[in-house]
Amino acid sequence: MTEQMQRIVLASRPDGEPTDDNFRLETVDLPQPGEGEVLVKSHYMSLDPYMRGRMDDAKSYAAPVPIGGTMEAGAVGEVIASNSPHFKPGDFAFGMLGWASHGCLPAKELRKLDPAQGPITAALGVLGMPGFTGWHGLTAYGRPEAGETLVVAAATGPVGSMVGQLAKLAGLRVVGIAGGADKCKLATETFGFDACLDHRAYADAKSLRKDLAEACPKGIDIYFENVGGKVLEAVLPLMNPHGRIPICGMIAWYNAGGLGAGASDVALTGPNIWRNILVKFLSVNGFIISNHFDRYPEFLKEVAPKVASGEIRFLEDIATGLENTPEAFRSLLKGGNTGKQIVKLI
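Just so you know, these numbers come straight off a predicted model, no measurement behind them.

Engineer: Looking at this model, I keep getting lost on the overall build of the protein chain. Mind explaining?
Structural biologist: When helices and strands are tallied, the protein chain shows 10 helices and 15 strands. With the principal axes as the frame, the protein chain shows a C-alpha extent of 60 × 45 × 35 Å. Residues counted as buried form 52% of the 346 residues belonging to the protein chain. A sequence separation of at least 24 residues applies to 68% of the contacts in the protein chain between residues at least 6 apart. Carbon and sulfur atoms make up 53% of the accessible area of the protein chain, which totals about 15200 Å².

Structural data, given as structure tokens:
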């Protein structure tokens, strides 16, 4: 067993887009598991947009990463030491191990994985938090019905692709919005969306709305919100009466800091948003997936067989090396990834 480990800590809080100066790579002593704890060597680590919010010192649903603290992340890896009867060396597990080569957690905070059932990276994406987010938001708040129209942005990401594929299986018309022609092609040809628009091809929300209206001739019944910004502005006037909007993110505004405070490109005003909600009787539900993990077994029971059979397809974008994590993270925030963004650590 190695005596030391590496980790990336938050060196300073970013002003806008994170830079290399906001992070610091450290080599520290390897922790030793205490009573009931398990030491895991991480093989793969997840990168997700929510991590940008954790870098700001702003009141939110979770505490920010402290200066000098290890950046937060879910990871999968191999147990190398255990003081719990539930894990033994050689087992594979998922846990919130951080931007680090190793992590030490209580056994109750880890989930055992079976590599024989598929790639362990699936626990970070299609069968992990992002896939679960898409499933829960759609089933609990989207309430899809056959024949309706659903729109989802970040269409080829792990959340958007899950939402779109589940909606197609339920008999809906599915229109994606993605960044670039290649991603739009993936949305239709790989994930089976009916149409996909490249938001980068439009100078403003008005022009995007025009083509979106043509792609949604019967209006929009469900808008799965994970980006905000220009896309929200384009979508909202096209919502049908009694439409539903599950909200799990607003990535277009994250780099503005303070959970979007001070974003300068937001044309939608509060009165405009509230009027649309009022006169169209819209149901708008924000949710944080960590509050709903009691439904996770239900998700796995329903979706894991669909992944195994190929009914639900997924893509992974794998960067290599802990030291390259900040660069991969910045790219993720700008839509530079194709599929679930993962960092390979060994």
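Having seen the model, we can carry on.
Engineer: I would appreciate a short explanation of unusual backbone geometry in the present structure.
Structural biologist: Negative phi characterises most residues that are not glycine, and trans characterises most peptide bonds. Residues other than glycine seldom take positive phi values, yet Arg143 does so here, at roughly 45°. Given a relative accessible area of 37%, Arg143 falls into the partly exposed group. Located in the positive-phi region is Ala154, a residue other than glycine, with phi close to 50°. Assignment of secondary structure puts Ala154 in the loop between strand 8 (149-153) and helix 3 (158-169).

Engineer: Looking at this model, I keep getting lost on the side chain of Gln341. Mind explaining?
Structural biologist: Checked against the element boundaries, Gln341 lands in strand 15 (residues 340-344). Here the side chain of Gln341 touches Asp317 through a polar contact of 3.0 Å, landing on its backbone oxygen. Setting aside residues up to four positions removed in sequence, Gln341 forms contacts with Met45, Ser46, Leu47, Asp317, Ile318, Ala319, Ala328 and Leu332.

Engineer: Can you walk me through the pattern of salt bridges in this structure?
Structural biologist: A pair can form between side chains of opposite charge whenever their charged atoms are brought close. Scanning all chains against the criterion turns up 13 salt bridges. The shortest N-O distance in the salt bridge between Asp91 and Lys88 comes to 3.0 Å. Judged by its relative accessible area of 9%, Asp91 is buried. When the shortest N-O distance is used, the salt bridge between Asp91 and Lys112 registers 3.6 Å. Here Asp91 is found in the loop between strand 4 (75-82) and strand 5 (92-95), whereas its partner Lys112 is found in strand 7 (residues 111-113), with 21 residues between them in sequence. Several salt bridges share partner residues, and in doing so they unite Arg7, Arg24 and Glu26 into one network.

Engineer: Quick question: what am I supposed to make of the confidence of the model for the protein chain here?
Structural biologist: It should be kept in mind that the predicted coordinates are not to be read in detail where pLDDT is low. Averaged over all residues, the pLDDT of the protein chain is 93; the fraction at 70 or higher stands at 95%. Every residue in residues 259-266 is under pLDDT 50, and counting partners more than four places away or in other chains gives 13 contacts.

About the criteria used
Residues numbered from 1 in each chain as written. Predicted model: local features only at pLDDT ≥ 70, side-chain atom pairs only at ≥ 80, totals over all residues. Heavy atoms only, no water. Helix = DSSP H or I, 4+ residues; strand = E, 2+ residues; numbered from the N terminus. Buried < 20%, exposed > 50% of the residue type's maximum accessible area, 1.4 Å probe, protein only. Contact = heavy atoms within 4.5 Å. Areas by Shrake-Rupley, 256 points an atom, 1.4 Å probe, with all protein chains shown as cover. Polar contact = N/O pair within 3.5 Å; in protein donor to acceptor, adjacent residues only side chain to side chain. Salt bridge = Lys/Arg side-chain N within 4 Å of Asp/Glu carboxyl O. pLDDT = per-residue confidence, 0-100.

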